[in-house]
Amino acid sequence: TVCWRGQEGSAAMQHVLAASMRAPSGDNCQPFRFEVTGSKIKVIHVEERARHALNFGNIASYLTLGTVVENMHIAASEYGMRLHAQILIPRGLGDVAAECVWAMIELVEESSVVQRDILADALWARHVDRRTFVRQADASSRIQELMDNIVPGQNCALHLTTDLGERLTALQ
């Protein structure tokens with residue numbers, strides 16, 4: 001979620017934010033929201049979104065923050081710009097406030113030439129199905145729909161689990 005404080009951002013800022021929202025997250029929870037003021041972005045961790053079995057002690061959220069910042073960096077390079085990032089995440093695995101600023105990002109124009117990141121094309125080629133899976137008595141039609149969307153030869157796989165125990169076993 002993006003909240004604009006003042007005027008909506010430039011094309012470069014909108015591009016960087018779109019890239020940030022494509023970052024992978026544990027259980028696809030997307031645990032961050034963004035507040036934008038001028039060229040600055042607050043990355044705010046939303047604890048309610050981050051609650052899932054794979055995020056003990058917010059470890060998955062810490063990793064997601066890294067992918068969010070890296071995606072922003074890659075996207076900024078497409079506009080010949082750089083990011084200055086200040087990471088502010090809390091130390092330790094204790095309780096975290098419901099919403100807490102985890103990073104301050106500034107999008108800056110550089111006087112030197114910024115090369116387009118070689119991962120830029122891959123960033124926009126990544127696809128995920130963000131629809132929430134709803135358990136149904138007969139989920140076979142939904143499973144078939146997912147299977148039908150796998151493109152042969154695209155080096156892609158689908159693994160379905162039916163319970164939390166199976167999910168945790170698959171992670172070990």
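Before reading on, note that the structure itself is shown above.
Below, the structure is looked at part by part. (Residues numbered from 1 in each chain as written. Predicted model: local features only at pLDDT ≥ 70, side-chain atom pairs only at ≥ 80, totals over all residues. Heavy atoms only, no water.)

By the definition in use, this model includes five salt bridges. Of the charged contacts in the structure, one is a salt bridge between R33 and E35, with a shortest N-O distance of 3.0 Å. Judged by its relative accessible area of 12%, E35 is buried. Residues joined by salt bridges that share partners form a network here, namely R5, R33, E35 and E99. (Salt bridge = Lys/Arg side-chain N within 4 Å of Asp/Glu carboxyl O. Buried < 20%, exposed > 50% of the residue type's maximum accessible area, 1.4 Å probe, protein only.)

The subject of this paragraph is helix α1 (residues 11–20). Of all 10 residues in α1, seven are buried, a share of seventy percent or more. Considered for burial, the residues of α1 that qualify are A12, M13, H15, V16, L17, A19 and S20. (Helix = DSSP H or I, 4+ residues; strand = E, 2+ residues; numbered from the N terminus.)

With that out of the way, let us pick up the side chain of S25. Along the chain, the position of S25 falls in the loop between α1 and β2 (32–37). Reaching out from S25, the side chain makes a polar contact with the backbone nitrogen of Q30 at a distance of 2.9 Å. Those residues in contact with S25 that sit more than four places away from it in its chain are Q30, P31 and T64. (Polar contact = N/O pair within 3.5 Å; in protein donor to acceptor, adjacent residues only side chain to side chain. Contact = heavy atoms within 4.5 Å.)

Ranked by internal contacts, the top residues of the largest apolar core, which has 26 residues, are F34, I41, V43, M72, I105 and L107. Among the elements of the structure, α1, β2, β3 (40–46), α3 (59–77), β4 (81–87), β5 (99–109) and α4 (120–125) are those that each provide at least two residues to this core. It is α3 that provides the largest number of residues to this core, a total of seven residues. Among residues more than four places away in sequence, those in contact with F34 are T1, V2, C3, L17, S20, M21, I41, K42, V43, V68 and M72. (Core = buried A, V, L, I, M, F, W, Y, C linked by side-chain atoms within 4.5 Å.)

Here we take up the sheet that holds strand β1 (residues 2–4). Pairing is mixed across the open sheet formed by five strands, whose spatial order is β1-β2-β3-β5-β4. Each edge of the open sheet is held by one strand with a lone partner, namely β1 and β4. Going from strand to strand, the sheet's axes swing by 20° on average, the running direction of each strand aside. In terms of strand pairing, β4 meets β5 through seven bridges, oriented antiparallel. Considered in β5, the bridge of L83 is made with L107. Most of the contacts of α3 go to β4, to which it runs at about 160°, and overall it touches β2, β3, β4 and β5. (Pairing = 2+ DSSP bridges. Axes fitted to C-alpha atoms, helices over the stretch in contact; angles between N-to-C directions.)

Once that is clear, we can look at the pairing of β5. Bridge count between β3 and β5: seven bridges; the pairing is antiparallel. Counted as the bridge partner of V46 is E99 from β5.

Before going further, it helps to examine the environment of I118. Structurally, I118 can be placed in the loop between β5 and α4. Residue classification places I118 among the exposed positions, given a relative accessible area of 82%. Linking I118 and E78, residues 40 residues apart in sequence, is a C-alpha distance of 9.9 Å.

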